[in-house]
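Chain by chain, the residues:
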Amino acid sequence: MDRRKFFLLTYGCQMNKLDSELIASRMIQGGFEETDREEEARILLLNTCSIRESAEDRVWGRIGAMKARKMKDPGVVIGILGCMAQEHQQFLRAKMPHIDVVCGTREFGRIDELVKESMETRKGVVATGEGGNGDLVHREVGQRPMRAQAFVNIIRGCNMPCTYCIVPATRGPEVSRPVDAIREEVERLVADGVTEITLLGQTVNAYGHDLERGTDLALLLRELHQLPALRRISFVTSHPSFLTPRLMEAMAALPRVSRYFHLPAQSGSSKVLKAMKRGYTRERYLARIRDLKSLIPDMEFACDFIAGFPGETEEDHRQSLSLIEEVGFSQSFVFKYSPRKGTVSADFLTDDIPEDVKARRNQELLQVQEQVSLAKNKAQVGEVREILVEGPSKRRKDRYTGRTARNRLVHFANEDPSLVGRYVPVEIIEAQAHCLIGELREETRTLQAGEDEWLGMRNREGMGR
Ligand code: SAH
Ligand code: SF4
Ligand code: F3S
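Residues numbered from 1 in each chain as written. Chains lettered and ligands numbered in written order. Predicted model: local features only at pLDDT ≥ 70, side-chain atom pairs only at ≥ 80, totals over all residues. Heavy atoms only, no water.

*Asks:* Sorry, what's going on with the overall build of the protein here?
*Replies:* A tally of regular secondary structure across the protein gives 14 helices and 19 strands. Relative to the 2.2 N^0.38 estimate, which gives 23 Å for 465 residues, the radius of gyration of the protein is 23 Å and therefore close to what a compact globule would have. For the C-alpha atoms alone, the extent of the protein along its principal axes is close to 70 × 55 × 50 Å. Sequence-distant contacts in the protein: of pairs separated by 6 or more residues, those separated by 24 or more amount to 72%. With an accessible surface of roughly 20,600 Å², the protein has 51% of that area assigned to carbon and sulfur atoms. (Helix = DSSP H or I, 4+ residues; strand = E, 2+ residues; numbered from the N terminus. Rg over C-alpha atoms; globule rule 2.2 N^0.38 Å. Contact = heavy atoms within 4.5 Å. Areas by Shrake-Rupley, 256 points an atom, 1.4 Å probe, with all protein chains shown as cover.)

*Asks:* Is there a simple way to explain the site of ligand 2 in this structure?
*Replies:* Looking at ligand 2, the residues that line it are C158, M160, C162, Y164, C165, V167, P168, Q202, T203, H239 and R278. A breakdown of the residues in the shell around ligand 2 according to their chemical character gives 7 nonpolar, 3 polar and 1 charged. (Near = heavy atom within 4 Å. Nonpolar A, V, L, I, M, F, W, Y, C, P; charged D, E, K, R; others polar.)

*Asks:* Would you explain the domain arrangement of the protein in this entry?
*Replies:* Size of an interface: often given as the accessible area lost when the parts come together. Examined at the domain level, the protein breaks down into domain 1 (5-134), domain 2 (144-378) and domain 3 (384-457). A straight line from the C-alpha centre of domain 1 to that of domain 3 covers 37 Å. (Domains from an automatic or database assignment.)

*Asks:* Would you take a moment to explain the packing of helix α7 (residues 179-191) against helix α8 (residues 217-225) for this structure?
*Replies:* Contact pair α7 / α8: the axes reach a minimum separation of 11 Å and the direction vectors enclose 30°. When you trace α7 past α8, the crossing you get is right-handed. Contact residues: α7 offers V179, I182, R183 and V186, while α8 offers L219, L220, E223 and L224. Among the residues making up the contact of α7 with α8, the classes are represented as 6 nonpolar, no polar and 2 charged. (Axes fitted to C-alpha atoms, helices over the stretch in contact; angles between N-to-C directions. Left-handed = near helix turned anticlockwise from the far one by under 90°.)

*Asks:* Hey, could you run me through the nonpolar core in this one?
*Replies:* With 66 residues, the main nonpolar core has L199, L221, M251 and Y285 as its most contacted residues. Membership of the second largest hydrophobic core comes to 21 residues, among which are I23, I43, M119 and V137. (Core = buried A, V, L, I, M, F, W, Y, C linked by side-chain atoms within 4.5 Å. Buried < 20%, exposed > 50% of the residue type's maximum accessible area, 1.4 Å probe, protein only.)

*Asks:* Got a minute to help me understand the packing of aromatic side chains in this structure?
*Replies:* Working definition: an aromatic ring pair is given by the centre-to-centre distance plus the angle between the planes. Under the definition given, this model contains 7 aromatic pairs. Between Y280 and Y285, the aromatic rings sit 6.0 Å apart at their centres with planes inclined by 35°, giving tilted as the arrangement. Seen from their ring centres, F309 and Y337 are 5.3 Å apart, and the 70° between their planes marks the pair as edge-to-face. Here Y337 lies in the loop between β14 (331-336) and α13 (344-348) and F309 lies in the loop between β13 (300-307) and α12 (314-327), a separation of 28 residues in the sequence. An aromatic cluster of three or more residues is present, and its members are Y164, F309 and Y337. Over the face of the ring belonging to Y423 we find R231, whose NZ or CZ atom lies 4.1 Å from the ring centre. (Phe/Tyr/Trp six-rings, centres within 6.5 Å; stacked < 30°, edge-to-face > 60°. Lys NZ or Arg CZ within 6 Å of the ring centre and 35° of its normal.)

*Asks:* Honestly, the site of ligand 3 in this entry has me stumped. Any pointers?
*Replies:* Taken together, the residues surrounding ligand 3 are C13, N16, T48, C49, S50, I51, C83, V167, R171 and Q202. Among the residues forming the shell around ligand 3, the class breakdown is 5 nonpolar, 4 polar and 1 charged. Both domain 1 (5-134) and domain 2 (144-378) contribute no fewer than three residues apiece to the shell around ligand 3.

*Asks:* Hey, could you run me through the side chain of N205 in this one?
*Replies:* Take N205: it is sitting in the loop between β10 (196-200) and α8. Of the residues examined, N205 reaches a relative accessible area of 7% and is grouped as buried. In terms of polar contacts, N205 uses its side chain to reach the backbone amide nitrogen of H239, at 2.9 Å. Here F242 takes part through its backbone oxygen, which lies 3.3 Å from a polar atom of the side chain of N205. Once you skip the residues sitting within four places of it in the chain, N205 turns out to touch L217, T237, S238, H239, F242, L243 and L247. (Polar contact = N/O pair within 3.5 Å; in protein donor to acceptor, adjacent residues only side chain to side chain.)

*Asks:* Hey, could you run me through the environment of R37 in this one?
*Replies:* Assignment of secondary structure puts R37 in the loop between β2 (33-34) and β3 (43-48). As for R37 and L8, which are separated by 29 residues in sequence, their C-alpha atoms are 9.6 Å apart.

*Asks:* It is not clear to me how helix α1 (residues 14-29) should be interpreted in this structure. Could you clarify?
*Replies:* Side chains three or four residues apart in an α-helix point the same way, a direct result of the helix having 3.6 residues per turn. Its 16 residues give α1 an end-to-end C-alpha distance of 23 Å, which sits within 8% of 22 Å, the value for a rise of 1.5 Å per residue. With 12 of 16 residues buried, α1 lies mostly within the body of the structure. The set of residues buried in α1 consists of M15, N16, L18, D19, S20, E21, L22, I23, A24, S25, R26 and M27. (Expected span 1.5 Å × (residues − 1).)

*Asks:* Where do I start with the environment of K70 in this structure?
*Replies:* As for its placement among the helices and strands, K70 is situated in helix α2 (residues 53-72). Using a relative accessible area of 14% as the deciding quantity, one classes K70 as buried. Counting along the chain gives 227 residues from K70 to P297, while the straight-line C-alpha distance between them is 57 Å. A distance of 2.8 Å separates the side chain of K70 from the side chain of D100, its partner in a polar contact.

*Asks:* What am I meant to see in unusual backbone geometry here?
*Replies:* Note: most residues except glycine have negative phi, and most peptide bonds are trans. Omega for the bond connecting V236 with T237 falls within 30 degrees of zero, at 0°, which places this linkage in the cis form. With respect to the secondary-structure elements, T237 resides in the loop between β11 (232-236) and α9 (245-253). Backbone geometry places R122, a non-glycine residue, at a positive phi of 55°. A relative accessible area of 70% places R122 in the exposed class. One non-glycine residue, K277, adopts positive backbone phi at about 55°. For K277, the position within the fold is in the loop between α10 (270-276) and α11 (282-295). The exposure class of K277 is partly exposed, given its relative accessible area of 48%.

What follows is the structure in structure tokens.
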């Protein structure tokens, strides 16, 4: 078969971005060639997201534009993959005849075959079962976008009953990958230059409950921590209900496990949490944070909030605002509630919070978070931090960007591309709510792998944080 160029566009979460790396791997192994120029591709693939209506609207718009291209050039193959393919398979099949391949979240392991089948038969191909999840793909480790960083899937799907969420429907039930398969993939990534990994799952800390007894995230972290080349190990996204003492002890015992912890609360009100079926109260959430802080005093936390869930009162909303201040999150991701058809909250509750109220609450949550973030960032001015250099800044050509071990974005003046992928010390000279500005400092000594940025790296004696 002649080599055909494909163009792959990705929407949605980190999981989807990693799936796209696997989709590209599989396509290349199947004899196709990737291009980042849509106009020169004959195969157009969209890996899609259903989490909120706005996410879907972007994709529908894009599908419309691709239809126009297909009208002019009927030989073009259009494939819709991922969560929207899973969710809207009937609609896509019935109403969108210009779409050639519909490939669900557990079928992209054979995407190359599906594309070939559609090219050969010139018929629509729909695969939305469980015929080929990502484990079928031998990952091309060189395919990743960042030199030093990589994401690794450890558990797919979600078993949780959160009443607002479409993910369990689009991704199916939880399936953990065997420890050996994960270790093998991480070892190959490390051999290719990766020093920072992020383990992925929708409920990443539920990892292992379906595997051999005793297999959990704590055990996996201990395994991976033995690889000396790994300087930073993170995992997202954790659910508060599975934050076990065993996991917390492992995190505390393993210094190269990230001290930035994303633990979405979704709301600060126990009443709303109950309606969301999150499985914990505000008090239990706070108790988890306290437990972890008592083991790891300098742990930093990040959060997700949904603004305007059905029945959310002003008092409930104030409780979310106060949770931000009480925990002192370093970052929060805030979303306006979006009813998803087929979920409990969309089908059984009224979407009763007007759009302008949702927007205001969303804005207030962001504002309070900004104040907290700014205060925390200001306390860092004058400190020297080790950052992993990611690349040139998106906004300013004379600046590069890196991240501290606590996931803070640092911009610093630099023209030296050889720093990308390296760990370098920078002195923080300015703080903003969303980033820090730093200046490169001479490396006075080589940092040991995993050496904590808060230890020993203080620039001026006596500068508190
Ligand atoms: N599995 C992760 C992430 C799920 S999706 C977790 O449980 O934390 C990412 C975020 O999108 C969620 O944390 C939630 O804040 C938000 N989200 C999910 N469904 C939503 C909906 N219907 N409307 C608005 N935000 C939603
Ligand atoms: Fe959705 Fe809840 Fe599962 Fe997260 S844990 S993916 S919010 S159902
Ligand atoms: Fe979106 Fe699916 Fe991820 S709905 S957020 S791409 S799991």
